[in-house]
Amino acid sequence: MVDGIMDALGYMPIQRAVIASVLCGISCSLLSVFVVLMKMPLIGVSMSHAAFAGAVLGMICGINPFLSGLIMCIFAAGILGPLSDRTDMVPENILGIMFSFLMGVAFLGMGILTKTKAYALNLMWGSLLTLTGMDIVILISVTLCILVFVIIFFKEIRLILFNRRLARSSGIPERPIYYTLLFLTGVVVSSNLTTVGGLLIFALLVQPGATALQLTYNLKTFFLIAAASGVCACISGLILSYIFDLPSGASIVLMATAIFAAAYVFSPKRKNR
């Protein structure tokens, strides 16, 4: 089995899949820290469906699916940000409405498509073995952007995660940073449509952060554990899909769930309760 896996690594599609898995694990996991600590899991759901809906509409209109998915995510982020800041509207209600609307758009587009439905299904469930060199370049660029953003604004991010109002009163540009996070979430989701898939990627925007939440209180360690669990989920899921001939996106999500379950069972925080 090990020899078979090592032999498979000699093929370019497999090499690209491994690289993409690492990049997907890092980028999604870093954002999952914000999603979990700010208690906004529906952000991942809404953005994943926005990217998928945009990609399907792009296929109908003859536009690059990544570009159209990114545009739809920017549109969704532009709506979610200001509306979630309104005190008279509950964020969960806004996200629920946005999620149902985008899901309707996505499946309406699937019904309209008369050709290339196989490619649309790849965007839904992910297909790591069909990645191109340009897909890898995009993933590298997106991951670097997120890493740079977290490193540069780490102190501000820490205060925002603790209390947005306190951060605002301290003179920190809390709202631009928050909106940037929404935008980065859209970029990550749209760039990973072909890795995990539009309907499954929201799991990676929640579970690595939820895993880290079981194991640490320190924010730096939180980011590291989330990234490590995300990468492990992607790599182990890819290996599982290769061995048993399973869909890669679904395998990755199942492994992410298994890692979270293990972290929950062995969490040192549970012993202190």
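Structure shown above.
Residues numbered from 1 in each chain as written. Predicted model: local features only at pLDDT ≥ 70, side-chain atom pairs only at ≥ 80, totals over all residues. Heavy atoms only, no water.

*Asks:* Now, about helix α3 (residues 41-61): what can you tell me, with residues and values included?
*Replies:* Since the α-helix advances by 3.6 residues per turn, residues separated by three or four positions end up pointing in the same direction. Taking 1.5 Å as the rise per residue, α3 with 21 residues should run 30 Å; its terminal C-alpha atoms sit 31 Å apart, in good agreement. The element α3 is largely enclosed, with a buried count of 16 among its 21 residues. Following α3 by one or two positions, glycine 62 adopts a phi angle in the positive range, close to 75°. (Helix = DSSP H or I, 4+ residues; strand = E, 2+ residues; numbered from the N terminus. Expected span 1.5 Å × (residues − 1). Buried < 20%, exposed > 50% of the residue type's maximum accessible area, 1.4 Å probe, protein only.)

*Asks:* I'd love a proper account of unusual backbone geometry, names of residues and values included.
*Replies:* Backbone geometry at aspartate 245 places phi at a positive 55°, although glycine is not the residue there. Within the secondary structure, aspartate 245 is located in the loop between α13 (219-244) and α14 (248-265). On the accessibility criterion, aspartate 245 (70% relative accessible area) is exposed.

*Asks:* So what's going on with the packing of helix α7 (residues 133-152) against helix α8 (residues 154-162)? Which residues, and what values?
*Replies:* To characterise two packed helices, one gives the angle between the axes of the helices and the distance between these axes. Relative to each other, α7 and α8 sit at 80°, their axes nearing to 5 Å. Our classification of the angle between α7 and α8 gives roughly perpendicular. Between α7 and α8, the contacting residues are Phe149, Val150, Ile151 and Ile152 on the first element and Phe154, Glu156 and Ile157 on the second. Across the contact of α7 with α8, the residue classes tally to 6 nonpolar, no polar and 1 charged. (Axes fitted to C-alpha atoms, helices over the stretch in contact; angles between N-to-C directions. Parallel < 35°, antiparallel > 145°, perpendicular 65-115°, else oblique. Contact = heavy atoms within 4.5 Å. Nonpolar A, V, L, I, M, F, W, Y, C, P; charged D, E, K, R; others polar.)

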